[in-house]
Amino acid sequence: MKQILIVEDDIALNSGLCRALNGDDRHIVSCNTLRDAREQIMISKPTLVLLDINLPDGIGFDLLKEIKSQDANIAVILLTANDTDMDIVEGLEIGADDYITKPFSLSVLRARVNVQLRKASDKIEKMSYIDGKYMFDFESMIFTVSGVKVELSKTEQRLLKLLVLNASNTMSRSTLIDKIWTDGSEYVDENALSVAVKRLRDKLKAQDRIKTVYGLGYCWLGEKK
């Protein structure tokens, strides 16, 4: 079930948006202020937010920044009567996924909302991987082998995600090191990668899945997501 949060202080427009976007696979929540929107986001994370820029208790840009800092995967479409390039550019640079200038066509709004919801679904799908006895859910950090849960460290999770998202393709050792250890360390001993790979193989019983490509790196033998 996808949740759409509408943040619009115009009561009539808010009500119209709720009716226009309602659907069997959607849960619509509406708010009239930034305060109510923040409380709602704390209760339940939305899939998409329709956000008016000018609200009684502040500027929508502030909430946009907060949303994207907490979860960049939440789609945000700005609703604005300000159609100057500066307002549009500011919203997009802060992280808005799209914007719609008032007045607008409800059919155009629905189309743009549907685009963002499809993108959100694609992101969620890419956060999970099912192949034979393996089920990896990177969003909820649940990893099972033949139905048995396996605990992985953060490093092992990053390594596994890189391998399965690039299944059947060889990931070089240097690429893996750069993408796994992103804390700004100037030097990471290559032995750290070898140790991480061995531990991951052992935990997942994946000796036949994680292939060492000598002189190059590693490859997950399986279905590419």
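Everything discussed here concerns the structure shown above.
I will try to describe carefully the structure that is included in this document.

Definitions and cut-offs
- Residues numbered from 1 in each chain as written.
- Predicted model: local features only at pLDDT ≥ 70, side-chain atom pairs only at ≥ 80, totals over all residues.
- Heavy atoms only, no water.
- Helix = DSSP H or I, 4+ residues; strand = E, 2+ residues; numbered from the N terminus.
- Rg over C-alpha atoms; globule rule 2.2 N^0.38 Å.
- Buried < 20%, exposed > 50% of the residue type's maximum accessible area, 1.4 Å probe, protein only.
- Contact = heavy atoms within 4.5 Å.
- Salt bridge = Lys/Arg side-chain N within 4 Å of Asp/Glu carboxyl O.
- Core = buried A, V, L, I, M, F, W, Y, C linked by side-chain atoms within 4.5 Å.
- Pairing = 2+ DSSP bridges.
- Axes fitted to C-alpha atoms, helices over the stretch in contact; angles between N-to-C directions.
- Parallel < 35°, antiparallel > 145°, perpendicular 65-115°, else oblique.
- Left-handed = near helix turned anticlockwise from the far one by under 90°.
- Nonpolar A, V, L, I, M, F, W, Y, C, P; charged D, E, K, R; others polar.

**Topic: the overall build of the protein**
- Scanning the protein for helices and strands turns up eight helices and 14 strands.
- For a compact globule of 225 residues, the expected C-alpha radius of gyration is about 17 Å, and the protein comes in at 22 Å, more than 25% above that figure.
- With the C-alpha coordinates of the protein rotated into their principal frame, the extents come out at 65 × 40 × 30 Å.
- The proportion of buried residues among the 225 residues of the protein is 40%.
- Across the protein, contacts joining residues at least 24 apart in sequence account for 59% of those joining residues at least 6 apart.

**Brief notes about unusual backbone geometry**
- Here the residue pair Lys102 and Pro103 is connected by a cis peptide bond, since its omega of -5 degrees sits within 30 degrees of zero.
- On the secondary structure map, Pro103 appears in the loop between strand E7 (98-101) and helix H5 (106-126).
- The residue Met141 is not glycine, and still its phi comes out positive at about 60 degrees.
- Looking at where Met141 falls in the secondary structure, it is placed in the loop between strand E9 (134-137) and strand E10 (142-145).

**Notes on the pattern of salt bridges**
- Taken as a whole, this structure holds 13 salt bridges when the rule is applied.
- Of the charged contacts, one joins Glu66 and Arg38 as a salt bridge, the two residues approaching to 2.8 Å between their closest N and O atoms. Placement of Glu66 in helix H3 (residues 60-70) and of Arg38 in helix H2 (residues 34-43) is noted, with a sequence separation of 28 residues between them.
- Take Glu66: its relative accessible area is 27%, and that puts it in the partly exposed class.
- The partner of Glu151 in a salt bridge is Lys149, with the nearest N and O atoms 4.0 Å apart.
- By relative accessible area, Glu151 is classed as exposed at 57%.
- Each of the salt bridges in this network shares a partner with another, and the network as a whole consists of Lys2, Asp25 and Arg26.

**Examining the nonpolar core**
- By size, the foremost hydrophobic cluster in this structure holds 27 residues, and its most contacted members are Phe136, Leu159, Leu160, Leu204 and Trp220.
- In contact with Leu160, other than residues within four places in its own chain, are Phe136, Phe138, Phe143, Leu152, Leu200, Leu204 and Trp220.
- Of all hydrophobic cores here, the second largest spans 19 residues; its members include Val7, Ile41, Val49 and Leu78.

**Comments concerning the sheet that holds strand E3 (residues 48-52)**
- The sheet built from five strands is open, its strands ordered E2-E1-E3-E6-E7 with parallel pairing. A strand with exactly one partner marks an edge of an open sheet, and here the two such strands are strand E2 (26-31) and E7. Pairs of neighbouring strands in the sheet enclose a mean axial angle of 15 degrees, with direction left out of account.
- Contacts from helix H1 (residues 11-21) reach strand E1 (2-7), E2, E3 and strand E6 (75-80) within the one sheet, and its direction differs from that of E2 by about 175 degrees.

**So, the packing of H2 against H3**
- In contact at an axis separation of 11 Å, H2 and H3 are set at 15 degrees when each is read in the N-to-C sense. Classified by the angle between their axes, H2 and H3 sit roughly parallel to one another. The crossing of H2 and H3 is right-handed. For the pair H2 and H3, contact is made by Leu34, Ala37, Arg38 and Ile41 and by Gly60, Asp62, Leu63, Glu66, Ile67 and Gln70, respectively.
- Of the residues in the contact of H2 with H3, the class split is five nonpolar, two polar and three charged.

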